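Spelled out, the chains give:
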Amino acid sequence: MKLAMIGFGQAGGKIVDRFLKYDHRTGSGIVRSAIAVNTAKADLMGLEHVPQENRVLIGQARVKGHGVGADNELGAEIAEEDIDEVQGAIDNIPVHEIDAFLIIAGLGGGTGSGGSPVLAKHLKRIYTEPVYGLGILPGGDEGGIYTLNAARSFQTFVREVDNLLVFDNDAWRKTGESVEGGYDQINDEIVRRFGVLFGAGEVEAGDNVAESVVDSSEIINTLAGGGVSTVGYDAEAVEEHNSGGLLSRFKDGGDADELENANTTNRITSLVRKAALGRLTLPCEIEGAERALLVVSGPPKHLNRKGIERGRKWLEEQTGSMEVRGGDYPINEPNVAAAVLLSGVHNVPRIKELQQVAIEAQENIDEIQQESEENLEDLVEDEGDELDPLF
Amino acid sequence: MSWIRSSKTVAAVALLAIALLATGTVTAIEFDGESPESTQVGEEVSMEVEITEPFADPLPSQWTLEGDTELENADWTIVARDNTDDIVARSDTNELQLNADDSVVSVTVEIRGEVPDGIEFDYENPDAENYKVVELLRQTDAGTERVVDEAIWEAHRYTAESQEARTAIDEAADAVEQANSGGDELDNAINAYNNANFDLASDLADDAQSSAEGSQQTTQFLLIGGALVVLVALVGGGAYVYKQRQKNTNKLR
Ligand SMILES: Nc1nc2c(ncn2[C@@H]2O[C@H](COP(=O)(O)OP(=O)(O)OP(=O)(O)O)[C@@H](O)[C@H]2O)c(=O)[nH]1
Ligand SMILES: [Mg+2]
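Computed from a prediction, not measured in an experiment: that's the story for all the values here. (Residues numbered from 1 in each chain as written. Chains lettered and ligands numbered in written order. Predicted model: local features only at pLDDT ≥ 70, side-chain atom pairs only at ≥ 80, totals over all residues. Heavy atoms only, no water.)

**What about the overall build of chain B?**
Part 1 of the reasoning: Across its full length, chain B holds 5 helices and 13 strands.
Part 2 of the reasoning: A buried classification covers 42% of the 253 residues belonging to chain B.
Part 3 of the reasoning: Counting contacts in chain B only where the partners sit at least 6 residues apart, residues at least 24 apart contribute 65% of the total.
Part 4 of the reasoning: Carbon and sulfur atoms make up 46% of the accessible area of chain B, which totals about 13,500 Å². (Helix = DSSP H or I, 4+ residues; strand = E, 2+ residues; numbered from the N terminus. Buried < 20%, exposed > 50% of the residue type's maximum accessible area, 1.4 Å probe, protein only. Contact = heavy atoms within 4.5 Å. Areas by Shrake-Rupley, 256 points an atom, 1.4 Å probe, with all protein chains shown as cover.)

Given below as structure tokens:
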């Protein structure tokens, strides 16, 4: 499926940049248009693949190109004031050629956190195409203000988009790694997961494919109904040449084929389990998910309907959902992968924890502010209030 | 790359003779027909096949000729003539019964129709993009079978977008071959082409070309300057970058 991607803030911009790189590297063609919006000039200059004319600097009058310093209320205000400048870039998107908008932002900072819900609201008012969000939650070690920003932005963003896909940095953080190097790897993981998922809808008719191929409408229908989504993924290498070669020389072809087929089925079902039960982009209980989509990708001879059907059934049992779609995404490379999109998840302890920490942070901040006002008063005012101010 | 060009002249004259070696005599059915040139989807094309010796062994003295095609809205004209060139049988459908008693010595099959869509894009194997212009079949009690193996004519087709992308890749491929650089981008362009993402394919082909031409220019400049040391370093660095880039074009892992 073809997307117009808008990266808001630094994290959003970097991830859109990465999507473009992935598109170029693999020929996937999921990014029809890419735009980066930021209040920080340096962040925009650091991008490699987003075309210059699609880099939009907003809030220049207020923050002079230096970012909003994790103040997401200011981020939201600036987005509202300068929405016309963002729209100017969006005007160049051939909207009739896209299937959806995807707004990407780190929810812990200021610009993307505050601006992305504002942009979502704006786009939904103007266009009929679905508007999805990809929100990045901060790592647990980033501190209270980031958590507070994320909790507030999350609430608003979910309300404004047609579906919010979530990626939790906290679940993917590796200890002992430099933050920058860490983000590089994390961003690759993000792009691969969502790339395979959205790429699935990009197989054109006549591409030598069976009817079981996933198309854009199935992705859209899985995301329709709103709420919060998470993605599971697992891949493994397969041999490019038929491993049944030797066997078939001794046995008759039928047996070897059957064996090969059984292997293919088992591989797919095991990949589906590992994808759904392994690390999700947003860790949560998969039971109770409202809708799901299974995409199995790999060389056509390593895909079979039976495996996908079994995987799909298993997801139905695990989620309790009656709306589990499944299909394949044929690709010529020696790997087989399962991507599982779980849409409308409810049981997400991580969000409750985020909100809890945010509430504490909010209280702390209020308290500290109160205290510091009192302390300042104490310092400035003389003991017996005998001095008069100058004016 | 020579096959790319030859694909454009695929429309070679097909003059087929199936000689019967056992008898050594010249009794063989013959076909004379020329596939249309590579054509854009939706355009009208036509072709004609002339059949001579329609009752040569092993064909029976009476049989029904049936034509098959992938052309859309096809119009058929099949005409059988005797040795004075008089028409002895004719059909405006895709079928005509041929009878040796009518002294039929030649049959012309004319077909006209629109080039069909539904291309399986394959840059490196343009034949996979072909469609069937005409196939000549013989009805038997057991069903229909091709008159002889060779009695089928295919032609290449394209869409405006696919042709543009193919041309861009052709050009880039020449540049990449000369410069021995830009191969990665070229592979990706081909990949995109095969996935029918033609805008992307053209962009990537342009990338490949500029990367190839860039490296070509650099090389020439350095040679002129005689800065061989730098050249060695550059080649080493280039190989490293190439290796790094080549590392992975996979989507899944
Ligand atoms: N996954 C991922 N997360 C990132 C990356 N860079 C930053 N983040 C996360 O995004 C949050 C910070 O948001 P940024 O996008 O840097 O902030 P911003 O929107 O530019 O806003 P300001 O800098 O305050 O103007 C942090 O909580 C990080 O966890 C990245 O490259 N990848
Ligand atoms: Mg920033």
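Having seen the structure, we can now continue with the description.
**Let's talk about the overall build of chain A**
Part 1 of the reasoning: When helices and strands are counted, chain A shows 14 helices and 10 strands.
Part 2 of the reasoning: Across the 391 residues in chain A, those meeting the buried criterion constitute 54%.
Part 3 of the reasoning: Long-range pairs, those at least 24 residues apart, make up 81% of the contacts in chain A with a sequence separation of at least 6.
Part 4 of the reasoning: Roughly 18,000 Å² of accessible area belongs to chain A as shown, and the carbon and sulfur atoms make up 48% of that amount.

**So, helix 6 (residues 111-126) of chain A**
Part 1 of the reasoning: If you check helix 6 of chain A, its first and last C-alpha atoms are 22 Å apart, about what 16 residues at 1.5 Å a residue would give, namely 22 Å.
Part 2 of the reasoning: Among the residues making up helix 6 of chain A, those that are buried are Thr111(A), Gly112(A), Ser113(A), Gly114(A), Gly115(A), Ser116(A), Pro117(A), Val118(A), Leu119(A), Ala120(A), His122(A) and Leu123(A). (Expected span 1.5 Å × (residues − 1).)

**Quick word on the side chain of Thr319(A)**
Part 1 of the reasoning: Locating Thr319(A) in the fold gives a position in helix 13 (residues 305-319).
Part 2 of the reasoning: In contact with Thr319(A), not counting residues within four places along its chain, are Ile286(A), Glu287(A), Gly288(A), Ala289(A), Val324(A) and Leu342(A).

**A closer look at the interface of chain A and chain B**
Part 1 of the reasoning: Contacts between chain A and chain B engage 29 residues on the former and 20 residues on the latter.
Part 2 of the reasoning: Of the roughly 1,900 Å² buried between chain A and chain B, counting both surfaces, carbon and sulfur atoms make up 46%.
Part 3 of the reasoning: On the chain A side of the contact with chain B, His24(A), Arg25(A) and Glu333(A) bury the most area, a combined 28% of that side's loss.
Part 4 of the reasoning: On inspection of chain A and its partner chain B, the count reaches 0 salt bridges.
Part 5 of the reasoning: At the boundary of chain A and chain B, one finds 10 residue pairs in polar contact (both at pLDDT 80 or more). (Buried area = accessible area lost by both parts, 1.4 Å probe. Salt bridge = Lys/Arg side-chain N within 4 Å of Asp/Glu carboxyl O. Polar contact = N/O pair within 3.5 Å; in protein donor to acceptor, adjacent residues only side chain to side chain.)

**Comments concerning the pairing of strand 5 (residues 62-68) of chain B**
Residue and element names in this part refer to chain B.
Part 1 of the reasoning: Among the 7 residues of strand 5, 5 are classified as buried, and the element is accordingly described as predominantly covered.
Part 2 of the reasoning: Strand direction decides the pairing type here: strand 5 and strand 10 (residues 131-140), joined by 5 bridges, are antiparallel. Looking at the pairing, Asp68 lines up with Glu135 of strand 10. (Pairing = 2+ DSSP bridges.)

**Quick notes on the packing of aromatic side chains**
Part 1 of the reasoning: Evaluation of the coordinates by the stated rule reveals 8 aromatic pairs over all chains.
Part 2 of the reasoning: Of note, Arg279(A) hangs over the ring of Trp172(A), and the distance from its end group to the ring centre comes to 3.9 Å. (Phe/Tyr/Trp six-rings, centres within 6.5 Å; stacked < 30°, edge-to-face > 60°. Lys NZ or Arg CZ within 6 Å of the ring centre and 35° of its normal.)

**Structural notes on the packing of helix 5 (residues 83-90) of chain A against helix 6 of chain A**
All names here are of chain A.
Part 1 of the reasoning: Closest axis-to-axis distance for the helix 5/helix 6 pair is 11 Å, and the angle between their directions is 55°. As far as their axial angle goes, helix 6 and helix 5 are oblique. Here helix 5 and helix 6 pass one another in a crossing that is right-handed. The segment helix 5 lies against helix 6, with Ile83, Val86, Gln87 and Ile90 engaging Val118, Leu119, His122, Leu123 and Ile126.
Part 2 of the reasoning: Across the contact of helix 5 with helix 6, the residue classes break down as 7 nonpolar, 2 polar and no charged. (Axes fitted to C-alpha atoms, helices over the stretch in contact; angles between N-to-C directions. Parallel < 35°, antiparallel > 145°, perpendicular 65-115°, else oblique. Left-handed = near helix turned anticlockwise from the far one by under 90°. Nonpolar A, V, L, I, M, F, W, Y, C, P; charged D, E, K, R; others polar.)

**Details of the pattern of salt bridges**
All names here are of chain A.
Part 1 of the reasoning: Here the structure, examined in full by the defined rule, presents 29 salt bridges over all chains.
Part 2 of the reasoning: With a shortest N-O distance of 2.7 Å, Asp184 and Arg18 are connected by a salt bridge. Placement of Asp184 in helix 9 (residues 179-200) and of Arg18 in helix 1 (residues 9-26) is noted, with a sequence separation of 166 residues between them.
Part 3 of the reasoning: A relative accessible area of 15% means that Arg18 is categorised as buried.
Part 4 of the reasoning: Of the charged contacts in the structure, one is a salt bridge between Glu160 and Arg159, with a shortest N-O distance of 3.1 Å.

**Comments concerning the site of ligand 1**
Residues and elements named next belong to chain A.
Part 1 of the reasoning: Taken together, 24 residues sit near ligand 1, with Ala70, Thr111, Gly112, Glu142 and Asn187 positioned nearest.
Part 2 of the reasoning: Contact between ligand 1 and Ala11: an oxygen atom at 2.8 Å from a main-chain N or O atom of the residue.
Part 3 of the reasoning: Take Gly110: an N or O atom from its main chain is 3.0 Å from an oxygen atom of ligand 1.
Part 4 of the reasoning: Protein chains shield 92% of the accessible area of ligand 1, which is 650 Å² for the free molecule. (Near = heavy atom within 4 Å.)

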